[in-house]
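Overview (structure and organization)
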Amino acid sequence: EAGQQGYRAEPVNINEFDPRVLQRYPWIIIDDLGIINSSLAPGLLEYLQSGGALLAASGERALAQPALPLLDYPVRQAILASPGAQPRTVTRIDSSHPLLAGTSGWRDVNVSRYLDPVTDTSALNMISLDNGAPLLLERRFGQGRLLLLTSSLDNRWNDLPIRPVFVNFIAETARYLSGRDQLKRN
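Presented here is an overview of the structure given in this document. As a convention, each chain's residues are numbered from 1 in the sequence order in which they are written. Predicted model: local features are reported for residues with pLDDT of at least 70 only, side-chain atom pairs are reported and counted for 80 or more only, and whole-chain, interface and lining totals are derived from all residues. Only hydrogens and water are set aside when side-chain values are computed; all heavy atoms of the structure are taken into account.

Quick notes on the overall build of the protein
In DSSP terms, a helix is any run of H or I states spanning at least four residues, a strand is any run of E spanning at least two, and both are numbered starting from the N terminus. A tally of helices and strands in the protein yields 3 helices and 9 strands. Reading the helices (α) and strands (β) of the protein from amino to carboxyl end gives β-α-β-α-β-β-β-β-β-β-β-α. A globule of 186 residues ought to have a C-alpha radius of gyration of about 16 Å, and the protein, at 16 Å, matches this closely. For every residue, the accessible area (1.4 Å probe, protein chains only) is compared with the maximum for its type, and the residue is labelled buried under 20%, exposed over 50%, or partly exposed between those bounds. Burial status across the protein gives 46% buried among its 186 residues. Note on contacts: a residue pair qualifies if any of its non-hydrogen atoms lie within 4.5 Å across the two residues. In the protein, 66% of the contacts between residues at least 6 apart in sequence involve partners at least 24 apart. Throughout, the Shrake-Rupley method with a 1.4 Å probe supplies accessible areas, and for residues the shown protein chains are the sole cover considered. Carbon and sulfur atoms form 47% of the exposed surface of the protein, whose accessible area is close to 9500 Å². For the charge count, each Lys or Arg is scored as positive and each Asp or Glu as negative, with His and the chain ends excluded. By convention, the charge on Lys lies at NZ, on Arg at CZ, on Asp at CG and on Glu at CD. In the protein, which carries 18 positive and 19 negative side-chain charges, the distance between the mean positions of the two groups comes to 3 Å. Atoms counted for the radius of gyration: C-alpha only. Globule rule: 2.2 Å times residue count to the power 0.38.

Notes on the packing of aromatic side chains
Centres within 6.5 Å are what make two rings of Phe, Tyr or Trp a pair, Trp counting through its six-membered ring; a difference in plane orientation under 30 degrees is then read as stacked, over 60 as edge-to-face, and the rest as tilted. Within the structure shown, the criterion is met by 1 aromatic pair. Here the aromatic rings of W106 and F169 are separated by 5.1 Å at their centres, their planes lie at 80°, and the arrangement is edge-to-face. One end of the pair, W106, is in the loop between β4 (88-93) and β5 (110-111); the other, F169, is in helix α3 (residues 165-178), with 63 residues separating them in the sequence. With a relative accessible area of 2%, W106 lands in the buried category. Its relative accessible area of 0% is what places F169 among the buried residues. A ring has a charge above it when a Lys NZ or an Arg CZ is no more than 6 Å from the ring centre and no more than 35 degrees off the ring normal. The ring of Y176 carries the charged tip of R145 above its face, separated from the ring centre by 4.2 Å.

What follows is the structure, encoded as structure tokens:
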């Protein structure tokens, strides 16, 4: 609703999803990249190559993967802060990127769990944590693009969803991934 573009969320269980219908979606959110199985991965890669867009987050299932599905980036380590430990904070934001130019408040986000993937030159690190680990990456696939949040979209691994920047981030992500430049900022 913050996007004011008539977006409609269609939650789909991964076991019920038909990859043959991917092209009907302007962009897709996957709340745990580790859930992508071998039957869905080829369809998603084809969707991305032909101009599709994807926002993927990390989660419990991604922790168990030796490499991140679709990206094929090995995971250097999964950082799981012990109880009482200081969470990581955001220190670098590429505010020149069109997705992040209209957002603020990232430095207030605290991250206690995240994946630290070994990336290559095809990955653009858009937001980094105070230890240099990426929090938000972008990778192009042919005409499409994938945004990877190395932490979760819920508040179990970070406090992003309870910060004001979250709504603006999702609205700007919708604008950016769908190619709509006129999305009003709220």
